[in-house]
Structures are given as structure tokens and as C-alpha cells.
Amino acid sequence: MNAKHYLILLACLTLAACTLNSPLPADPAPAPPPPPVVEVIQAPPPPPDEVGPLLSYHQSLRRMSQGELLKELSGLGLQQRSPRVAIQMGMALMLTRGGGDLARAQALLDSVATSAEVEAAPFRPLAQMLSANCAEMRRLYEHADRLAAQQKDNQRRIEQLNEMLEGLKTIERTLPVRPAPGPQVTK
């Protein structure tokens, strides 16, 4: 072996010795903190839907004839009073065409909307909306009645004016004919 090889060998051994005796790091890196504990809190189950079945009930009421609605009303009248039954009766009364039924429906719905009972709480928004609907329907029916009365009054006036016109035409036909004016003589 020549000197060149010895030098390379010596350099390799020196480098190997440096890596074997390398100093230890002063402070080892701190261990990462343990992951936070996540508590899974399950939400309480949602309250049962009280309004959905009532909306379906309203749709079934809309398909009923007047006789079936009256039968349904009598059946509801036999049930124990509760906010649900009051709303059902109000819904049925809104669809019947009897005198005062809208006022009765609105009174029933208002009683649920303003009730302080805990049992009425899930029904209050629906009762308020239906009560407002009843009030609007009553206002529209009253307006339609006023318009119908005005139309009858206008029709009566038209008939009276037609009779007067026919009377005037008759009088005009019975009047003697005026002589045609002749040539005027000017002086």
C-alpha cells in the first residue's frame, strides 16, 4: 500500500471516530403533549313533531265534503279538550260554510295561541298563523258581502233609471209634433 491509500484510510478512520464521539444534544426535544381528550356529548333527541301530523290532517280535511266535515266536527266535539283537539276543530270550522264558523274557529285558535299551558307550547305558532288566516278570511268575506250589496244597489238603480228612460220615451212619443219653422221674413 502506498501513502495515498494510508491517507485515505486515515481520513476515513478520523471521520468514523468523529461520528462515534459526537457530543449529545444539550436538551432533548420535549415530547409532544398528549392529544386533548374530546368528550362526545350526544344531543338530546329532538322533541316529537307535533305540527307535521296536524298539517297532514288539514290536507285530509280539505278533501272532505261538507257532510264529512260536519261529521268530523261532531266526532272532535266528543273528544276531551286539549290544544291539539282545539286546533283540529278550528281547522274543520275554517272549511265549513256555516254562519259564524270562522268566528268560532278563530276563538278556538286564539285560545291555544294565548294559552299558558305547557301542553299548548308546540302548537302556539301554528295556532297564531291559523288565527290570523281566519281574521283575514273574515275580512275578505265581509268585503265581498259589502261589494255584493253595492252591486245589488247599483243594479236596482240601473233598473230605476231604465224605467224612467222608458217613461220619458213614451211621453216623447205622445207629444204632438211641432210644426216645422217656415221661412222667416226679414224686414
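All values reported here derive from a predicted model rather than from experimental measurement.

Rules used throughout
- Residues numbered from 1 in each chain as written.
- Predicted model: local features only at pLDDT ≥ 70, side-chain atom pairs only at ≥ 80, totals over all residues.
- Heavy atoms only, no water.
- Patch = residues over 30% accessible without salt bridge, like charges linked within 9 Å, V, L, I, M, F, W, Y side chains within 5 Å.
- Areas by Shrake-Rupley, 256 points an atom, 1.4 Å probe, with all protein chains shown as cover.
- Salt bridge = Lys/Arg side-chain N within 4 Å of Asp/Glu carboxyl O.
- Helix = DSSP H or I, 4+ residues; strand = E, 2+ residues; numbered from the N terminus.
- Buried < 20%, exposed > 50% of the residue type's maximum accessible area, 1.4 Å probe, protein only.
- Axes fitted to C-alpha atoms, helices over the stretch in contact; angles between N-to-C directions.
- Parallel < 35°, antiparallel > 145°, perpendicular 65-115°, else oblique.
- Left-handed = near helix turned anticlockwise from the far one by under 90°.
- Contact = heavy atoms within 4.5 Å.
- Nonpolar A, V, L, I, M, F, W, Y, C, P; charged D, E, K, R; others polar.
- Core = buried A, V, L, I, M, F, W, Y, C linked by side-chain atoms within 4.5 Å.

Right, let's get into a nonpolar patch on the surface. A surface patch of nonpolar side chains, about 320 Å² in accessible area, is lined by Tyr6, Leu9 and Leu13. Within the secondary structure, Leu9 is located in helix H1 (residues 3-20). The partly exposed category is assigned to Leu9, whose relative accessible area is 44%.

As a further point, take the packing of helix H4 (residues 83-95) against helix H5 (residues 101-113). Angle between the axes and distance between the axes are the two parameters that describe a pair of packed helices. Here H4 crosses H5 at 155°, and the two axes come no closer than 8 Å. If you check the angle between H4 and H5, you find them roughly antiparallel. Like other packed secondary-structure pairs, H4 and H5 cross with a definite hand, here left-handed. Of the residues in H5, those in contact with Pro83, Ala86, Ile87, Met89, Gly90, Leu93 and Met94 of H4 are Asp101, Leu102, Arg104, Ala105, Leu108, Leu109 and Val112. For the contact of H4 with H5, the class distribution of residues is 11 nonpolar, one polar and two charged.

Right, let's get into the environment of Ala127. If you trace the backbone, Ala127 turns up in helix H6 (residues 124-174). Between the C-alpha atom of Ala127 and that of Ile87, which follows or precedes it by 40 residues, the distance is 6.7 Å. With near-sequence residues (within four places) excluded, Ala127 lies in contact with Ile87, Leu109, Val112 and Ala113.

Attention now moves to the environment of Ala135. Within the secondary structure, Ala135 sits in helix H6. Here Ala135 falls in the partly exposed class, since its relative accessible area comes to 32%. The spacing of Ala135 and Ala103 is 32 residues in sequence and 8.2 Å in space, taken between C-alpha atoms.

Counting residues in each nonpolar core, the largest one holds 27 residues, and the members touching the most others are Ile87, Met91, Met94, Val112 and Leu130. Every element with two or more residues in this core is listed here: helix H2 (51-62), helix H3 (66-78), H4, H5 and H6. At eight residues, H4 tops the list of elements feeding residues into this core. If we skip the residues at most four places from it in the chain, Leu130 touches Ile87, Met91, Met94 and Leu109.

Let us look at the side chain of Gln106. For Gln106, the location among the structural elements is in helix H5. If near-sequence neighbours (up to four positions away) are discounted, Gln106 is found in contact with Ser131, Cys134, Ala135 and Arg138.

Our focus in this paragraph is the packing of H4 against H6. In contact at an axis separation of 11 Å, H4 and H6 are set at 25° when each is read in the N-to-C sense. When the interaxial angle is binned, H4 and H6 end up roughly parallel. As H4 runs across H6, the sense of the crossing is left-handed. Contact residues: Ile87, Met91 and Met94 in H4; Leu126, Ala127, Leu130, Asn133, Cys134 and Met137 in H6. In terms of residue class, the contact of H4 with H6 is made up of eight nonpolar, one polar and no charged.

So yeah, pure geometry; function would need other evidence.
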